[in-house]
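# Structural overview
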Amino acid sequence: MELVGMPGVKGPGAWKSFVPCRRGIVPPLQPEPTFFWCTFLPPAKVHRTFVICLSEDTVVFLACRSQFPRTCHHVGEVANKLLIYSPLALKFRSRLAVTGATMKPPGPVYTCSKVLVLLSLLAIHQTTTAQQVNDIDIYSLTVDSRVSSRFAHTVVTSRVVNRADTVQEATFQMELPKKAFITNFSMIIDGVTYPGIIKEKDEAQAQYSTAVARGRSAGLVKASGRNMEQFQVSVSAAPNAKITFELVYEELLKRRLGVYELLLKVRPQQLVKHLQMDIHIFEPQGISFLETESTFMTNELGDALITSQNKTKAHIQLKPTLSQQQKSPEQQETALDGYLIIRYDVDRADSGGSIQIENGYFVHYFAPEGLTTMPKNVVFVIDQSGSMSGRKIQQTQEALIKILDDLSPRDQFNLITFSSEATQWSPSLVPASAENVNKARSFAAGIHALGGTNINDAVLMAVQLLDRSNREERLPTRSVSLIILLTDGDPTVGETNPRNIQKNVREAVSGRYSLFCLGFGFDVSYAFLEKLALDTGGLARRIYEDSDSALQLQDFYQEVANPLLTTVTFEYPSNAVEEVTQDNFRFLFKGSEMVVAGKLRDQGPDVLTAKVSGHLTTQNVTFQTESSVAEQEAEFQSPKYIFHNFMERLWAYLTIQQLLEGSVSASDAERQVLQTRALNLSLAYSFVTPLTSMVVTKPEDQEQSQVAEKPVEGETRNSNILALSVSHPDSRSRNVHPGRAFFRHHVQGAPRAKTPKTAGISGFRTNFGTGGFGFRKLGPPGLPAPPAPSNPDSAVSGVNETKETFMTAQTPAFIQAPSAILPLPGQSVERLCVDPRHLQGPVNLLSDSEQGVEVTGQSQMEKAGFSWIEVTFKNPPVRVHASPKQVVVTRNRRSSAYKWKETLFSVMPSLKMTMDKTGLLLLSDPDKVTIGLLAWDGPGEGLRIFLRDTDRFSSHVGGTLGQFYQEVLWGSPAPSDDSRRMLRVQGTDHSATRKRKLDYQEGPPGVEISCWSVEL
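Before going further, it helps to spend a moment on the overall build of the protein. A tally of helices and strands in the protein yields 15 helices and 55 strands. Within the protein, the fraction of its 1016 residues that count as buried is 57%. Contacts spanning at least 24 positions in sequence make up 68% of the contacts within the protein whose residues lie at least 6 apart. Of the roughly 43300 Å² of accessible surface on the protein, a fraction of 50% belongs to carbon and sulfur atoms.

Okay, structure coming up:
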């Protein structure tokens, strides 16, 4: 017998460490082994003494009571824990049982309260488990999402096979958007289909309760992060069994801040032979904007992403090969772990909106262009109770200051802070003048957290403030009055009964104002805030405690900051339509969209007409539009990937969502009617909603009572897990947004892989630049570079020569990373290293009107680097604000935060943004100059900037850095020191010195170069 991989056993001579067993060490075993040989593992290698006994056909692992092997061995102490007893032929590499598994022996065995596992055995266990994980092989994974007129139908199909010779557990795990409804789930096991059956929630409760009584978690869906829910099902797979999992869900994409967003999560956790994602979009109005973003895309994966688009259709496909899926050529781990996000918008030629018709149903989208924003009267009600202390109050202050800056001069505002008592900043509403905004900013910066939470008095004070202004005729005609409440907890002072507070606020508002409630974190009752808001025609939103909480607050404000219309009503001929969804709305905000759907009557007119009326700032307005039934029906029949009856399902989806929302603020009697109708529609169209459940069927020999239910926001307090669930992996957080598992196939008990420690910097690569002599103008490509110094230690003569060295020691302190690295015009090697150390305040670093780009920054006085850099593009309208902490990208008033060294891959018309694990952010386009940003954390911490493709600058380029791409003249070298030159730029002379600097253009740790250093 060969013993492989055991402690103390290093070859044939290792048997010397094994001695015959003494009586009492091994419990009576059946069948009795022919002969046992035993050895003891000393405490130096194990936390507790272990006995390993071997015979030709048996292995026994035991734990001794004593930590001293001699005592256990010579006294013959009976081992108190039988870890593994195997009467099988030993093949350690492939058949070693899982360490720690308790196997019942034929005879009695004493147990102990705690057993510590051998480190060496753990290594064997990890290897074995890794093999077992790969035994469940995902050989195909496809995601097919078809978006027809904003309605998304997504089918996820995973095909797996158990390649082991034992039964394994296969787990299908997937994330879907919170607003989506699951419509179908099925498993095909060896050709037999096991469907998911959607039932009324109460009907499924009996099966659910039975499963819980057996001690099994029955819930299959739980909340996952901010915008997603996780669905998970496990099933036992026999050797060589093939299983197909298929999940279908649907959602209506909501327009927010000017775009629709389709969010797909990808995490197979292994390389997949056939992995393909297809997103088809069909919009009859025409696609005006399309952006693809990913949080996992590498350069290799980027080559597998193909986007095609015409006037009305778009197709995004991700189909990576096995090598493209790898994190690196040396690793067999998948790089796919994150979100694939598709954002788009549509053309809007008709101000009356777009009516689309398919198979007897219609949908009317309304978002008119060119309307003037109405003035606002906004009261901010800010919780400053003790629970808001620390990071919460800091983020609130940060967001509030930014929001105040965004107020229009036509707006009026006031601030109310509350803890145990409520306090007004100003006795009345004040205009949003620069002076008043600055005073409010100072007040906001001084808010501190202390005391209890008196929500009732604070909100009523805001209502009274608006009432008084209204009586004094200080509210502009047809202006919009809003109350924005931010709180992180339940009421604890004054009126604390939620029902009484809701009643008080509803009666005080009396339909005149709208209350928008923001719940900060999970210590607040979201259901309480939601009803408080919906009762007054507002809405509620949860603000997640994270590094981007301030951005979440700002984004919410941007959604309601620009009201365009009030009291909007849709009218259709009564002989043409029936069963119409909500057709009157309180507000239309800029960047949003109103959606009305319904059923066409039989024998109705050939042309469906609609009239939309509303109130503008100065007048009433009416929009009219019409649509030919026959033409619309034909248009939706032609695209092959449009799924059948999608508009009917869209109507059902929208109706259910509105019924559920209406039930929140309805009376008890009305609520029952609304929920009954929503339940009937959910069952008729097979939607898993808060009123229905899906019973997942399995083979007869497996658990039968697993139930999928729709989580409800705020249903569970102090936790973001809103439904019972089976085990789930850890999450990692992001802005926009925290990641979760998409697919996972595993063996229970598998250990987590340890994260390797980051290796230290072992060396720097060094390049020495080149140059030539003379006084000359730096011109177009092909002209020689400025001269290099004659000192051979500092440079090598010749324009195209470079010298490289490798430094094994830490970089000397005097070798710094410059603030900016600029390639000189016409040169592929020569660079300027620029440090604007003596410039105060924000600086215009770069501007080019023809390129449509502007770069500003704040230099760090007396040292290299910037404290912040902001890049603004005109087309597309994108602003990138970089700080040492994070990168904030703002598109159409919608902001997303990205931490440095997170993967970012975003492609939109005329702009590509990428960031890799080194933290190198590149902003590029085939027709634009490439701008690189880096948060340098080496000596001289701060932001760095570099440019590439500078030959694309126009003649209008300017700015502190841009000036070097205008007429530049080099002076003659100094007689005593040719490493110093004068550089004349637009009539101003600058001293340029040849120095060694770190080039960070490929990311840290940097490459040492010789460049012309200029301080500004």
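Tracing the backbone shows L264 in strand 14 (residues 260-266). Sequence separation between L264 and I342 is 78 residues, and the spatial gap between their C-alpha atoms is 8.4 Å. Every residue in contact with L264, bar those within four places of it in the chain, is listed here: V143, T154, Y249, M277, I279, G338, Y339 and L340.

Of all hydrophobic cores here, the largest spans 59 residues; its most connected members are F185, F231, F245, I281 and M694. Ranked by size, the runner-up nonpolar core spans 49 residues in total, among them V259, W900, L921 and L947.

Here 4 strands make up an open sheet; going across it, the order is 20-21-32-30 and the pairing antiparallel. Where the open sheet ends on each side, the last strands, each with one partner, are strand 20 (354-358) and strand 30 (577-578). As judged from the 6 bridges shared by strand 21 (residues 361-366) and strand 32 (residues 594-600), these two strands associate in the antiparallel manner. Within strand 32, the position partnered with F366 by the bridge is M594.

Attention shifts here to the state of the cysteines. According to the stated counting rule, one finds 1 disulfide in the structure shown. The disulfide that involves C833 links it to C1011, with 2.1 Å between the sulfurs. Disulfide C833-C1011: the torsion about the S-S bond is -125 degrees, which places it as left-handed. With a gap of 178 residues between them, C833 in strand 40 (residues 831-835) and C1011 in strand 55 (residues 1007-1015) connect regions that are remote in the sequence. Since its relative accessible area comes to 0%, C833 is described here as buried.

To continue, consider the pairing of strand 48 (residues 911-915). Looking down a regular strand, the side chains alternate between one sheet face and the other. Where burial is concerned, most of strand 48 is hidden: 4 out of the 5 residues are buried. Alignment of strand 47 (residues 904-908) against strand 48, held across 5 bridges, turns out to be antiparallel. Note that in strand 48 the partner of F905 across the bridge is T914. Between strand 47 and strand 48, which follow one another and run antiparallel, lie 2 residues, and S910 among them has a positive phi close to 70 degrees. Where strand 48 lies against strand 49 (residues 920-924), 4 bridges are found, and the strand directions are antiparallel. Across the sheet, T914 pairs through a bridge with L922, a residue of strand 49. Hairpin remark: strand 48 followed by strand 49, antiparallel, with 4 residues in the connecting loop; positive phi at G919, about 90 degrees.

Let us now look at the packing of helix 7 (residues 391-405) against helix 8 (residues 434-445). At their nearest, the axes of helix 7 and helix 8 sit 9 Å apart, and the two run at 175 degrees to each other. Here helix 8 runs roughly antiparallel to helix 7, going by the angle between their axes. Counting all contacts with helix 7, which are made through Q397, L400, I401, L404 and D405, the residues of helix 8 involved are V437, A440, R441, A444 and A445. Partitioned by chemical class, the residues of the contact of helix 7 with helix 8 number 7 nonpolar, 1 polar and 2 charged.

A separate point is helix 10 (residues 498-509). The terminal C-alpha atoms of helix 10 lie 16 Å apart, and with 12 residues this matches the ideal 16 Å at 1.5 Å per residue to within 8%. Listing the buried residues of helix 10 in full gives I501, Q502, V505 and V509. On an axial view of helix 10, the arc spanned by its buried residues comes to 100 degrees, and they lie on one face. Against the buried residues of helix 10 lie helix 9 (455-471), strand 27 (514-520) and helix 11 (526-534). Where helix 10 begins, the capping side chain belongs to N497, and its oxygen is found 2.9 Å from the backbone nitrogen of R499. Positive phi shows up at S510, right after helix 10, with a value of about 50 degrees.

Once that is clear, we can look at the packing of helix 10 against helix 11. The geometry of helix 10 relative to helix 11 is characterised by a closest axis approach of 9 Å and an angle of 15 degrees between their N-to-C directions. What the angle tells us is that helix 10 and helix 11 run roughly parallel. Judged by the twist between their axes, the crossing of helix 10 over helix 11 is right-handed. In contact with P498, I501, Q502 and V505 of helix 10, helix 11 contributes A527, F528, K531 and L532. Of the residues contributing to the contact of helix 10 with helix 11, the split by class is 6 nonpolar, 1 polar and 1 charged.

Here we come to helix 11. Of all the 9 residues making up helix 11, 7 are buried; the element is thus mostly covered by neighbouring parts of the structure. Listed in full, the buried residues belonging to helix 11 are Y526, F528, L529, K531, L532, A533 and L534. Those residues of helix 11 that are buried lie in contact with helix 9, strand 26 (480-487), helix 10, strand 27, strand 28 (540-543) and helix 14 (646-664).

With antiparallel pairing, 4 strands are arranged side by side in an open sheet as 31-29-33-34. The sheet terminates laterally at strand 31 (584-589) and strand 34 (620-628), the two strands that pair on one side only. When strand polarity is set aside, the average angle formed by the axes of neighbouring strands in this sheet is 30 degrees. Strand direction decides the pairing type here: strand 33 (residues 607-615) and strand 34, joined by 9 bridges, are antiparallel. In the strand pairing of strand 34, T609 is matched with E626.

Bringing the packing of aromatic side chains into the picture now. Pairs of aromatic rings are described using the distance from one ring centre to the other and the angle between the two planes. What the rule picks out here adds up to 28 aromatic pairs. Ring plane angle 70 degrees and centroid distance 5.9 Å describe the contact between F151 and Y653, whose orientation is recorded as edge-to-face. In this pair, F151 sits in strand 7 (residues 151-162) while Y653 sits in helix 14, placing the two residues 502 residues apart along the sequence. Each of the two residues, F151 as well as Y653, counts as buried. Relative to F636, the ring of F282 lies with its centre 5.6 Å away and its plane at 85 degrees, an arrangement referred to as edge-to-face. Taken together, the positions of F282 in strand 15 (residues 274-282) and F636 in the loop between helix 13 (629-635) and helix 14 put the pair 354 residues apart, joining distant regions of the chain. Under the relative-accessibility criterion, F282 is labelled buried at 3%. With relative accessibility at 3%, the residue F636 sits in the buried group. Among the aromatic residues, those joined into a ring-pair cluster are F151, F181, Y653 and F687. Across the ring face of Y365, the terminal group of R150 is positioned such that the distance to the ring centre comes to 3.7 Å. Over the face of the ring belonging to Y139 we find K242, whose NZ or CZ atom lies 5.5 Å from the ring centre.

The next subject is the pattern of salt bridges. Evaluated as defined, the whole model comprises 41 salt bridges. Residues E472 and R474 are paired through a salt bridge, measuring 3.8 Å at the closest nitrogen-oxygen approach. A residue is classified by how much of its surface remains accessible, and E472, at 44% relative accessible area, is partly exposed. The exposure class of R474 is partly exposed, given its relative accessible area of 34%.

Looking at where D345 falls in the secondary structure, it is placed in strand 19 (residues 338-346). The class of D345 is buried, set by a relative accessible area of 10%. Setting aside anything within four residues of it in sequence, one finds D345 in contact with R255, G258, Y260, G286, I287, S288 and F289.

Overall, the predicted model of the protein reaches an average pLDDT of 78, with 73% of residues at or above 70. Per-residue pLDDT stays below 50 along residues 64-133; that stretch engages in 145 contacts with residues further than four places along the chain or on separate chains. Contacts from residues 215-219, a stretch scored under 50 in pLDDT, to residues over four places away or in other chains number 17 contacts.

Within the secondary structure, K327 sits in the loop between helix 6 (322-325) and strand 19. Residue K327 is classed as partly exposed on the basis of its relative accessible area, which comes to 48%. Counting along the chain gives 27 residues from K327 to E300, while the straight-line C-alpha distance between them is 9.3 Å.

With that settled, the discussion passes to unusual backbone geometry. Omega for the bond connecting N875 with P876 falls within 30 degrees of zero, at 0 degrees, which places this linkage in the cis form. Here P876 lies in the loop between strand 43 (866-873) and strand 44 (878-882). At the junction of P1004 and P1005, the peptide bond is cis and its omega measures out at 10 degrees in the coordinates. Here P1005 lies in the loop between strand 54 (988-999) and strand 55. The backbone of T567 shows a phi angle near 50 degrees, a positive value even though the residue is not glycine. Positionally, T567 belongs in strand 29 (residues 563-571). The backbone phi angle of S686 is positive, close to 55 degrees, even though this residue is not glycine. Tracing the sequence through the fold places S686 in the loop between helix 15 (668-684) and strand 35 (692-696).

Definitions and limits used
Residues numbered from 1 in each chain as written. Predicted model: local features only at pLDDT ≥ 70, side-chain atom pairs only at ≥ 80, totals over all residues. Heavy atoms only, no water. Helix = DSSP H or I, 4+ residues; strand = E, 2+ residues; numbered from the N terminus. Buried < 20%, exposed > 50% of the residue type's maximum accessible area, 1.4 Å probe, protein only. Contact = heavy atoms within 4.5 Å. Areas by Shrake-Rupley, 256 points an atom, 1.4 Å probe, with all protein chains shown as cover. Core = buried A, V, L, I, M, F, W, Y, C linked by side-chain atoms within 4.5 Å. Pairing = 2+ DSSP bridges. Disulfide = S-S within 2.5 Å. Axes fitted to C-alpha atoms, helices over the stretch in contact; angles between N-to-C directions. Parallel < 35°, antiparallel > 145°, perpendicular 65-115°, else oblique. Nonpolar A, V, L, I, M, F, W, Y, C, P; charged D, E, K, R; others polar. Expected span 1.5 Å × (residues − 1). Arc of directions from axis to C-beta. Polar contact = N/O pair within 3.5 Å; in protein donor to acceptor, adjacent residues only side chain to side chain. Left-handed = near helix turned anticlockwise from the far one by under 90°. Phe/Tyr/Trp six-rings, centres within 6.5 Å; stacked < 30°, edge-to-face > 60°. Lys NZ or Arg CZ within 6 Å of the ring centre and 35° of its normal. Salt bridge = Lys/Arg side-chain N within 4 Å of Asp/Glu carboxyl O. pLDDT = per-residue confidence, 0-100.

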